[in-house]
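Residue-level listing of the chains:
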Amino acid sequence: MSILIAAETLPLRRSLARGALAPLALGLRVELAPVLTGAIEIPRDKALLSRTGGRCPDDGTLLRFDPVDPRHVCPTCGIEVRGELHDRFRPYWYQLWLAERVLHAAVLGVLLDDADCVHAAWGLLDGYVDRYLEYPNRDNVLGPSRPFFSTYLESIWLLQLVLAVDLLESGATHSAERGARVRDRIVEPSVRLIASYDEGVSNRQVWNDAAMLAAGILLDDARLIDHAVDGPSGLRELLANALLADGSWYEGENYHLFAHRGLWYGVTMAERLGRAPSPALATRFDEGFAAPFRTLLPDLTYPSRRDSQYAVSVRQPRFAESCELGLARHDDPRLVGMLARLYDPAVPARDTGRRASTADVERNLPATGLTRADLSWRSLLFARAALPPLAPHPLASDLLPAQGFGILRRDGGRCFVGLDYGRSGGGHGHPDRLNLLLSDGDARWFDDPGTGSYVDESLHWYRSTLAHTAPLVDGHSQPRVDGELAAFEDVGVAGWMRARAQLSPGCMVHRTVVVVDDYLVDRVEWESEDAHEIALPFHGVHAVGADGAPIAGQPAAIEGGDGREDGFAFLSDTMRLAPADGPVALVSNVASAPGPELRGWVATSAAASWWRAVAPGPPARPSQSLVLVRSAARRGTITSIWSWRGSVRSADFDGDVVTVHRVDGSAHRHRPIGDDWAIDLAAGATSAVVLGRAVSAESLDRSTPERGSAAPTARARSLTLSFRTILGAAHYRRSEQSWEEAGKPTCVVSIDRSGERLVVRVDVPRAERRFVPIDAENPFDNDPAAIHGDGVQLYVAAGAHASGWLLVPIPGSTEVARRTADGWSDTMHIEASWQPLTDGYSLVASVGIPTGGAEADVDVLVNEIAPGRSRRRGQLVLSGAHGEFVYLRADRHDRERLLRFALDDR
Ligand SMILES: [Zn+2]
Ligand SMILES: [Zn+2]
């Protein structure tokens, strides 16, 4: 049987590959040349992820990958770099490239009856049969893998190989023995490893499921198929709970296409098996083809929300292919309209990068003009023979209620105003609820900068509220909360969006954005029991006086949260401004340079302080001016008017009433009325618009169940002191090896009270005693290097305090070095010491607890490492491991996990 398409369909696809789709087939055939000449070597080493490997040391750009040229060249600055870490990173790309080439050779071999292609595909599969089991399953970053460092990469790689074998066996003559060896020496062991690592509701799990489903079909393994389709993190679960009701992927645009393409494999295979998803889920999946285009900016890049790369254009082959695959399933004028733009012959064609493509791992390139010949092997098997007439479909205002993103568009889609209020977006989310976006043509006024490199310090800036146009409470980045929509209506002359989020306990913040033609009114208001300071950053603008010159300021430090992701540490040239009374004018352009200009007027209801700084720009872009307005009150508003086409002369603020004076002499008067918003469009109020809620209950449906870690809580009842327990299998957070395979590591944790101190003792009977210095440099990523050695993570919360530390013994002394755990304080007093045991060590920490408290929460995690490893093997967790893995946790820990102890007064 054929995993993706029916045998009966093959004749039609063969004739299309020689007919309407021949340019595509021939282009892929030409690019196969390096593989067909037989000069290909399968990499000997496992790929290694490190902080430096694969990135330009000067600008952080991902180095070029060229399958036939092993030099490491930066596409941004052109320098060539050398070094082992770069060499060790390259197999990551190379293995994916090669696996995809095996599949290309199989597809072309079968469709074109091309014996050279068939021969090359089997030759590479034979090579992997010999090599695969030699890659060590060790030192991985995110799940077990042999050739890679993360499981999902192995899933993508395996998927290509399985589909290739399946096609080869369904096509020309072949040797059954060769296929059996691939099953035995690659597919079986690889899919076992993939099945051992469940990533829950995640874009990566989509690929694990796709690989398990394909392998299950190839191996005729019903249990594997069931697990991939109907398991707890199977295809059906991801369609129901990770793909939202509006067809968008819950982690946002950046992950949508990657995840949706993985779902495409899964749905296509499941349908072939007669296990299609329910009609409702199938509709949701089909909506997913159009979803990434609904939020597009006018320059056809998608908003760089969350951990997105900055300004990724949809003028790339994979977006066109997604439209083609969607149209192969159902008619959708939005997809036809998007193809009209993507296949616009007026857009100059550039290198599409397909020659070096790395299977389904996306590597973004600049925008290029496209044709159907630029697509992939998937289109050879699935695309329609001919497309309907292509006509652009105008982009209009839109609301993605499940994602929580409203967009008001004007001027045929050339102007974009977005309010990003909804889901905080999981692990890749940013604390940027109620973020305002504004783009006009190619000018990106209020922009979401996305994220640069995950392993660069700048990550913490991009993950701060301050990097966005979103409100901060009390100088700190927002907590991870979801916002809610209150209103969304667009009546043509005017449109508005209003949403709210609880950005601090007891402090509800609303943001209202009203768009009239070519200006907007933005109103941030808050109400709380205690006074809170709300700050609102505006990037790329300067505060100017009545004469249009920048307002002078006094150099002064901007006070703000000192958390890494509060962002204030990234500001420079900070100044306090002293503007005159009244609204403060802001402009994008103080040099009166030609080109578009943004003008704003900002007023606050309570006293405010005004600040200016230089802040990082989007990744790899110059830094830019930032104006920050801050106002502290129990309730208050920050209201602004923004004009991007020079039509507004000035603005007046009188209580809740805002009057916009236009250059043509007219004036618009805006005011909130209860839950509505009224606009008098003429001075005599003869023409008025009232905007109401006007959001249908259906479009407000956020009924998709809450997702996430579902972190188990162990809070049933308080434990009593003295407390003593042995940690073992049930407490072990593993990496590649299970608790048994790791040699059954154990430790004893004792907790006692001594006066106003809590005494925690950890005895580790067997340990390598490899203590990594607490401030050692980590060559791999941003996590503290000291987690990758023996040591203890201790978390204590009592009264108003919640402190957490990484504690590492200092060899040759009884002293213990410590660092404050990520996301925790060190406000509680701690003393710690250690001593060696025969084969291990013992560590005692004593923590001061507030007098009079009745309870304290504690958790203890013990890291362990083994000879020959560079990353920790696992950790024992007092509160229980609950089947979790140790990957990517650094020394972070969830407050909810701590065990509660009663502090008996004895
Ligand atoms: Zn460079
Ligand atoms: Zn962001």
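Scoring rules and cut-offs
Residues numbered from 1 in each chain as written. Chains lettered and ligands numbered in written order. Predicted model: local features only at pLDDT ≥ 70, side-chain atom pairs only at ≥ 80, totals over all residues. Heavy atoms only, no water. Helix = DSSP H or I, 4+ residues; strand = E, 2+ residues; numbered from the N terminus. Rg over C-alpha atoms; globule rule 2.2 N^0.38 Å. Areas by Shrake-Rupley, 256 points an atom, 1.4 Å probe, with all protein chains shown as cover. Lys, Arg positive; Asp, Glu negative; His and termini not counted. Charge placed at Lys NZ, Arg CZ, Asp CG, Glu CD. Expected span 1.5 Å × (residues − 1). Buried < 20%, exposed > 50% of the residue type's maximum accessible area, 1.4 Å probe, protein only. Polar contact = N/O pair within 3.5 Å; in protein donor to acceptor, adjacent residues only side chain to side chain. Axes fitted to C-alpha atoms, helices over the stretch in contact; angles between N-to-C directions. Parallel < 35°, antiparallel > 145°, perpendicular 65-115°, else oblique. Left-handed = near helix turned anticlockwise from the far one by under 90°. Contact = heavy atoms within 4.5 Å. Nonpolar A, V, L, I, M, F, W, Y, C, P; charged D, E, K, R; others polar. Phe/Tyr/Trp six-rings, centres within 6.5 Å; stacked < 30°, edge-to-face > 60°. Lys NZ or Arg CZ within 6 Å of the ring centre and 35° of its normal. Donors = N, O, S within 2.8 Å, 3.2 Å for Na, K, Ca; no water. Arc of directions from axis to C-beta. Core = buried A, V, L, I, M, F, W, Y, C linked by side-chain atoms within 4.5 Å. Tetrahedral: all angles 85-135°; square planar, octahedral: opposite > 155°, others 65-115°. Pairing = 2+ DSSP bridges. pLDDT = per-residue confidence, 0-100. Salt bridge = Lys/Arg side-chain N within 4 Å of Asp/Glu carboxyl O.

1. Regarding the overall build of the protein
Link 1 in the chain: Within the protein, the regular secondary structure consists of 16 helices and 37 strands.
Link 2 in the chain: Scaling as 2.2 N^0.38, a compact globule of 906 residues should have a C-alpha radius of gyration of about 29 Å, and the protein matches this with 29 Å.
Link 3 in the chain: Taking the principal axes of its C-alpha atoms as reference, the protein extends roughly 85 × 85 × 50 Å.
Link 4 in the chain: Approximately 34,200 Å² of the protein is accessible, and the part contributed by carbon and sulfur atoms is 51%.
Link 5 in the chain: Each charge sign in the protein was given a centre, from 96 positive and 118 negative side chains, and these centres are 2 Å apart.

2. Observations concerning helix H8 (residues 203–219)
Link 1 in the chain: For H8, which comprises 17 residues, the first-to-last C-alpha distance of 25 Å matches the rise-based estimate of 24 Å (1.5 Å per residue) to within 8%.
Link 2 in the chain: With 17 of its 17 residues buried, H8 lies for the most part within the structure.
Link 3 in the chain: One side-chain oxygen of the residue at the start of H8 lies 2.9 Å from the amide nitrogen of Arg204, identifying that residue as Ser202.
Link 4 in the chain: Just downstream of H8, Asp220 is the residue with a positive phi angle, here 55 degrees.

3. Looking at the packing of helix H11 (residues 253–272) against helix H13 (residues 317–329)
Link 1 in the chain: Taken N-terminus to C-terminus, the directions of H11 and H13 make an angle of 30 degrees; their axes are 12 Å apart at the nearest point. Comparing the axis directions of H11 and H13 gives the class roughly parallel. Here the hand of the crossing between H11 and H13 comes out left-handed. Where H11 approaches H13, its residues Leu257, Arg261, Trp264, Val267 and Glu271 are matched on the opposing element by Arg318, Phe319, Ser322, Leu325 and Arg329.
Link 2 in the chain: Residue composition of the contact of H11 with H13, grouped by class: five nonpolar, one polar and four charged.

4. Considering the packing of aromatic side chains
Link 1 in the chain: Following the criterion strictly, the structure yields 32 aromatic pairs and no others.
Link 2 in the chain: Centroid distance Trp264 to Tyr265: 5.1 Å. Interplanar angle 70 degrees. Geometry classified as edge-to-face.
Link 3 in the chain: The interplanar angle of 50 degrees and the centroid separation of 6.0 Å between the aromatic rings of Trp461 and Phe570 together place this pair among those described as tilted. Note that Trp461 is positioned in helix H16 (residues 459–462) and Phe570 in the loop between strand S14 (553–555) and strand S15 (572–577), a separation of 109 residues in sequence.
Link 4 in the chain: Taken together, the ring pairs connect Tyr152, Trp207, Phe258, Trp264, Tyr265, Trp377 and Phe382 into an aromatic cluster.
Link 5 in the chain: One residue, Arg363, lies across the ring of Trp93, its end atom 4.3 Å from the ring centre.
Link 6 in the chain: In this structure, Arg871 is placed above the aromatic ring of Phe780, and the distance from its NZ or CZ to the ring centre is 4.6 Å.

5. Here we look at the coordination of the zinc ion (ligand 2)
Link 1 in the chain: Summarising the metal site, the zinc ion (ligand 2) is bound by the protein donors His430 (ND1), Asp448 (OD) and His468 (NE2), whose distances to it range over 2.1 to 2.5 Å.
Link 2 in the chain: We note that the donor set of the zinc ion (ligand 2) lies within a single chain, spaced as H-x17-D-x19-H. With Asp448 in the loop between strand S7 (443–446) and H16 and His468 in the loop between H16 and strand S8 (472–473), this pair connects stretches of sequence that are 20 residues apart. Taken as a pair, Asp448 and His468 share a single burial class, namely buried.

6. Some words on helix H9 (residues 222–230)
Link 1 in the chain: Turning to H9, its buried residues are Leu224, Ile225, Ala228 and Val229. Seen from one end, H9 has its buried residues packed into an arc of 120 degrees, which puts them on one side. Relative to its buried face, H9 has exposed residues pointing more than 90 degrees away, namely Ala222 and Arg223.
Link 2 in the chain: Of the surrounding secondary structure, the elements contacted by the buried residues of H9 are helix H7 (176–195), H8 and helix H10 (235–241).
Link 3 in the chain: The distance from a side-chain oxygen at the start of H9 to the backbone nitrogen of Arg223 is 3.1 Å, and the residue carrying that oxygen is Asp221.

7. A closer look at the nonpolar core
Link 1 in the chain: In this structure, Tyr92, Trp157, Met269 and Leu380 are the most contacted members of the largest nonpolar core, which totals 136 residues.
Link 2 in the chain: With 16 residues, the top contributor of residues to this core is helix H4 (residues 84–111).
Link 3 in the chain: In contact with Trp157, other than residues within four places in its own chain, are Gln95, Leu96, Ala99, Tyr128, Tyr132, Pro147, Phe148, Ile186 and Ser190.
Link 4 in the chain: Within the second largest apolar cluster, 48 residues are counted, among which are Val762, Leu843, Val860 and Leu899.

8. Here's the deal with the coordination of the zinc ion (ligand 1)
Link 1 in the chain: The protein atoms that coordinate the zinc ion (ligand 1) are Cys56 (SG), Asp59 (OD), Cys74 (SG) and Cys77 (SG), at distances spanning 2.2 to 2.3 Å.
Link 2 in the chain: Around the zinc ion (ligand 1), the four donor atoms sit at angles spanning 103 to 113 degrees, and that spread fits a shape best called tetrahedral.
Link 3 in the chain: Of note, the donors binding the zinc ion (ligand 1) are all from one chain and are spaced C-x2-D-x14-C-x2-C.
Link 4 in the chain: Classification of Cys74 as buried rests on a relative accessible area of 2%.
Link 5 in the chain: With a relative accessible area of 38%, Cys77 lands in the partly exposed category.

9. With respect to the sheet that holds strand S5 (residues 415–420)
Link 1 in the chain: The five strands lie next to each other as S3-S4-S5-S6-S7, forming an open sheet whose pairing is antiparallel. Every interior strand has two partners, whereas the edge strands, strand S3 (398–400) and S7, have only one. For this sheet the average axis-to-axis angle between neighbouring strands, irrespective of direction, equals 15 degrees.
Link 2 in the chain: Two elements, strand S4 (residues 405–410) and S5, share six bridges in a ladder whose sense is antiparallel. Looking at S5, one finds that Phe405 is bridged to Asp420.

10. Let's talk about the pairing of strand S32 (residues 816–820)
Link 1 in the chain: Note that strand S31 (residues 801–809) and S32 share five bridges and pair antiparallel. Its bridge partner lying in S32, Leu807 is registered against Arg818.
Link 2 in the chain: The antiparallel hairpin formed by S31 and S32 contains six residues in its connecting segment, where Gly812 sits at a positive phi of about 80 degrees.

11. Describing unusual backbone geometry
Link 1 in the chain: We note that His882 has phi near 50 degrees; this positive angle belongs to a residue other than glycine.
Link 2 in the chain: Inspection of the secondary structure assignment puts His882 in the loop between strand S36 (874–877) and strand S37 (899–902).
Link 3 in the chain: Backbone geometry places Ala890, a non-glycine residue, at a positive phi of 45 degrees.
Link 4 in the chain: For Ala890, the location among the structural elements is in the loop between S36 and S37.

12. Here's the deal with the confidence of the model for the protein
Link 1 in the chain: For the protein, the average pLDDT comes to 91, and 96% of its residues sit at 70 or higher.
Link 2 in the chain: Low pLDDT, under 50, characterises residues 696–717; the predicted model gives this stretch 38 contacts beyond four residues in sequence or across chains.

13. Topic: the pairing of strand S21 (residues 657–662)
Link 1 in the chain: Within S21, five of the six residues are buried, which leaves it mostly tucked inside the rest of the structure.
Link 2 in the chain: One ladder, built from six bridges, connects strand S20 (residues 648–654) with S21; its direction is antiparallel. Each residue of the ladder has a partner; that of Val648, found in S21, is Arg662.
Link 3 in the chain: Here S20 hands over to S21 after two residues, with Gly655 in that stretch at a positive phi of 60 degrees.
Link 4 in the chain: Taken together, the four bridges between S21 and strand S22 (residues 667–673) define a ladder with antiparallel strand orientation. Within S22, the residue paired with Thr659 across the bridge is Arg669.
Link 5 in the chain: The antiparallel hairpin formed by S21 and S22 contains four residues in its connecting segment, where Gly665 sits at a positive phi of about 95 degrees.

14. Observations concerning the pattern of salt bridges
Link 1 in the chain: Using the criterion set out here, one finds 69 salt bridges in the structure.
Link 2 in the chain: Here Arg318 makes a salt bridge to Glu362, at a shortest N to O gap of 3.4 Å. Placement of Arg318 in helix H13 and of Glu362 in the loop between helix H14 (333–342) and helix H15 (377–382) is noted, with a sequence separation of 44 residues between them.
Link 3 in the chain: The closest approach of N and O atoms between Glu527 and Arg635, which form a salt bridge, is 3.6 Å.

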